[in-house]
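Structural overview
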Amino acid sequence: MSMKTDVLVQFTGMLPVLPLEVLEEMLLNVPPQQVVCVCRLVCREWKEVVDSDSLWRERCRREGYQTYVTKLPKDWRLFYFLCKKRRNLLKNPRADDKFKGWHIMENGGDKWKIESVDEVPLPDNTVQKYFATSYSTCRKSQLIDLEKEGYRPSFMDDFQPNIIISDWYAPRWDCGSEYEICVELLNRKKKPIKKFSPDTVVFQQWNDQKWNQMTHVFKNYGPGVRYIRFIHGGNDTQFWAGWYGIRVTNSSIEICPSVDR
């Protein structure tokens, strides 16, 4: 038999039957995208293992992706990939790169300014800078294109993962100030589908100047979400020259599994 025939027999013959635990262990050591796009297509037995909850539940355990509520994921594979893909979609949220990534909508008073965290640190002490507002409204925004970030329209429509918003803000101790935030889920024409726009937060003069966190979770928002618009800002309330208004930093938008809280 020729070498060519030997190779043909080798690649067209039956695959050896592996014990289930051996096959699963092998798949756990293959990159996850290859498991789904390549290994799943090998044969029916491999497809069944790749589609099983046990494989992805174990992968979550090994990589530290855990649920912190009693409700378990309906789809462990989806849960795994959402956890692995989870990241902050906002660019330059901590003012490390000046105003790069932000659109300045209003630049009132003495305009936006970047300052260093001083007397009162944030809970996350790696945050070293913040955006400071002035005596007239300062407002800035970002527009996130979900498809460009890797979240296909069909995925957003079918699964509607949670969209978690977070923003940190603080007043100066010696001047009153106001903080505002508005986050919108937009369709392909950039028209709002859902909106989070709480009342303006007002701080009086001589306050404790501590950092506060604003959070919101968009759930069950329906099909059609293609963009997220994030807007925040504020001003001081005493019309003082300089940067005595609200301070903001460490903003985030994350796409998360629906069981995450």
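Residues numbered from 1 in each chain as written. Predicted model: local features only at pLDDT ≥ 70, side-chain atom pairs only at ≥ 80, totals over all residues. Heavy atoms only, no water.

With an unreviewed UniProt entry as reference, the protein is termed F-box only protein 6-like, source organism Oncorhynchus kisutch.

Before going further, it helps to spend a moment on the pairing of strand β5 (residues 162-170). Taken across its nine residues, β5 has nine buried, putting it largely inside the fold. Burial of β5 is two-sided: the residues Asn-162, Ile-164, Ser-166, Trp-168 and Ala-170 facing one way and the residues Ile-163, Ile-165, Asp-167 and Tyr-169 facing the other way are all buried. In the sheet, β5 pairs with strand β11 (residues 247-256) via eight bridges, with the strands oriented antiparallel. The residue of β11 that forms the bridge with Trp-168 is Thr-249. (Buried < 20%, exposed > 50% of the residue type's maximum accessible area, 1.4 Å probe, protein only. Helix = DSSP H or I, 4+ residues; strand = E, 2+ residues; numbered from the N terminus. Pairing = 2+ DSSP bridges.)

Before going further, it helps to examine the environment of Phe-196. Relative to the helices and strands, Phe-196 is located in strand β7 (residues 192-196). Measuring from C-alpha to C-alpha, the distance between Phe-196 and Phe-218 comes to 8.4 Å, with 22 residues separating the pair along the chain. Other than its neighbours up to four places away in sequence, Phe-196 contacts Ile-181, Cys-182, Val-183, Met-214, Thr-215, His-216 and Phe-218. (Contact = heavy atoms within 4.5 Å.)

So, on to the packing of helix α2 (residues 20-28) against helix α5 (residues 53-63). Helix-helix packing is described using two parameters, namely the angle between the two axes and the distance between the axes. Contact pair α2 / α5: the axes reach a minimum separation of 10 Å and the direction vectors enclose 50°. Considered as vectors, α2 and α5 are oriented oblique to each other. Relative to α5, the crossing made by α2 is right-handed. Mapping the contact onto sequence places Glu-24, Glu-25, Leu-27 and Leu-28 in α2 and Ser-54, Leu-55, Glu-58, Arg-59 and Arg-62 in α5. A breakdown of the residues in the contact of α2 with α5 according to their chemical character gives three nonpolar, one polar and five charged. (Axes fitted to C-alpha atoms, helices over the stretch in contact; angles between N-to-C directions. Parallel < 35°, antiparallel > 145°, perpendicular 65-115°, else oblique. Left-handed = near helix turned anticlockwise from the far one by under 90°. Nonpolar A, V, L, I, M, F, W, Y, C, P; charged D, E, K, R; others polar.)

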